[in-house]
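For reference, the chains in residue letters:
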Amino acid sequence: MRRLAILAAAVGTALAAAGQAAWARCDLDGERTQSVYLSSGSRDIERWESVYGVIHRSTLPNGFVIGVKLDPVAARDYREMMARAPWPAMDELVRVTLYDLSGAEPKTIASTTSGANSLQRFGLGGVAGVKGLPDPPVTLWLHKAVCVKAGDVADLAR
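All of these numbers come straight from a predicted model, not from anything done at the bench.

(A) Broad picture of the sheet that holds strand β7 (residues 118-122). Taking strand neighbours across the sheet as the criterion, the 4 strands line up as β2-β1-β8-β7 in an open arrangement whose pairing is antiparallel. The sheet is open, and its two edges are formed by β2 (43-49) and β7, each paired on a single side. Each strand axis lies, on average, 20° off the axis of its neighbour in the sheet, ignoring direction. Relative to β2, strand β1 (residues 34-40) runs antiparallel, the two sharing 6 bridges. Counterpart to L38 in the pairing with β2 is E46.

(B) Up close: the sheet that holds strand β6 (residues 107-115). Strand order in the open sheet formed by 4 strands is β3-β4-β5-β6, with antiparallel pairing between adjacent strands. Strands at the two margins of the open sheet, each flanked by one partner only, are β3 (56-59) and β6. Direction aside, the axes of adjacent strands within the sheet are offset by 25° on average. Pairing of strand β4 (residues 65-72) with strand β5 (residues 93-100) involves 7 bridges; the strand directions are antiparallel. Looking at β5, one finds that K69 is bridged to T97.

(C) How the structure looks around the nonpolar core. L38, I66, V96, L98, L140 and L142 are the most contacted members of the largest nonpolar core, which totals 18 residues. Breaking this core down by element, the ones donating at least two residues are β1, β4, β5, β6 and β8 (138-144). Among all residues touching L140, those that are not within four sequence positions of it are V36, Y37, L38, V68, V96, L98, S118, L119, Q120 and F122.

(D) Broad picture of the environment of Y52. Structurally, the position occupied by Y52 is in the loop between β2 and β3. Judged by relative accessible area, which is 30%, Y52 ranks as partly exposed. Placed 43 residues apart in sequence, Y52 and R95 show a C-alpha to C-alpha distance of 9.4 Å. The contacts of Y52, once residues within four sequence positions are left out, are Q34, L70, D71, P72, V94 and K144. A distance of 3.3 Å separates a polar atom in the side chain of Y52 from a polar atom in the side chain of K144.

(E) Inspection of the side chain of T112 at higher detail. When you line up the elements, T112 lands in strand β6. Setting aside residues no more than four positions away along its own chain, T112 makes contact with V94, R95, V96 and F122.

Conventions and cut-offs
- Residues numbered from 1 in each chain as written.
- Predicted model: local features only at pLDDT ≥ 70, side-chain atom pairs only at ≥ 80, totals over all residues.
- Heavy atoms only, no water.
- Pairing = 2+ DSSP bridges.
- Helix = DSSP H or I, 4+ residues; strand = E, 2+ residues; numbered from the N terminus.
- Axes fitted to C-alpha atoms, helices over the stretch in contact; angles between N-to-C directions.
- Core = buried A, V, L, I, M, F, W, Y, C linked by side-chain atoms within 4.5 Å.
- Buried < 20%, exposed > 50% of the residue type's maximum accessible area, 1.4 Å probe, protein only.
- Contact = heavy atoms within 4.5 Å.
- Polar contact = N/O pair within 3.5 Å; in protein donor to acceptor, adjacent residues only side chain to side chain.

Next up, the structure:
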């Protein structure tokens, strides 16, 4: 049992240290940011803070040049989804678009709406309709921090 506790503490410390370098962080300025963690097969590729509307370029181990773009979901889209939903609230969403950047112009290979805090797998066995993405599959871990600022603490006690 003691070994399990030590292992859990070590893993937690490692994740926290790794997260400070690339994941959305509240301690920088208290603002919510969208982070992306890209892997292909079992290999970690890259982590970055996403800028909505900007294509981020990465090269996969197999040489494929992929572009990843995130965009916010429009208020009207939320209204339409919630009008059909049986629940009063839903997770925050982002629009994820993948591109093949090997040519002169970016070529869209996949686009989907995903949770701002979610895991998305593209390729064989992943999001349906992905054509042009080579094996192994690409996995995106999306993380958007929810920051509590000092001035917000009084409101949280209610």
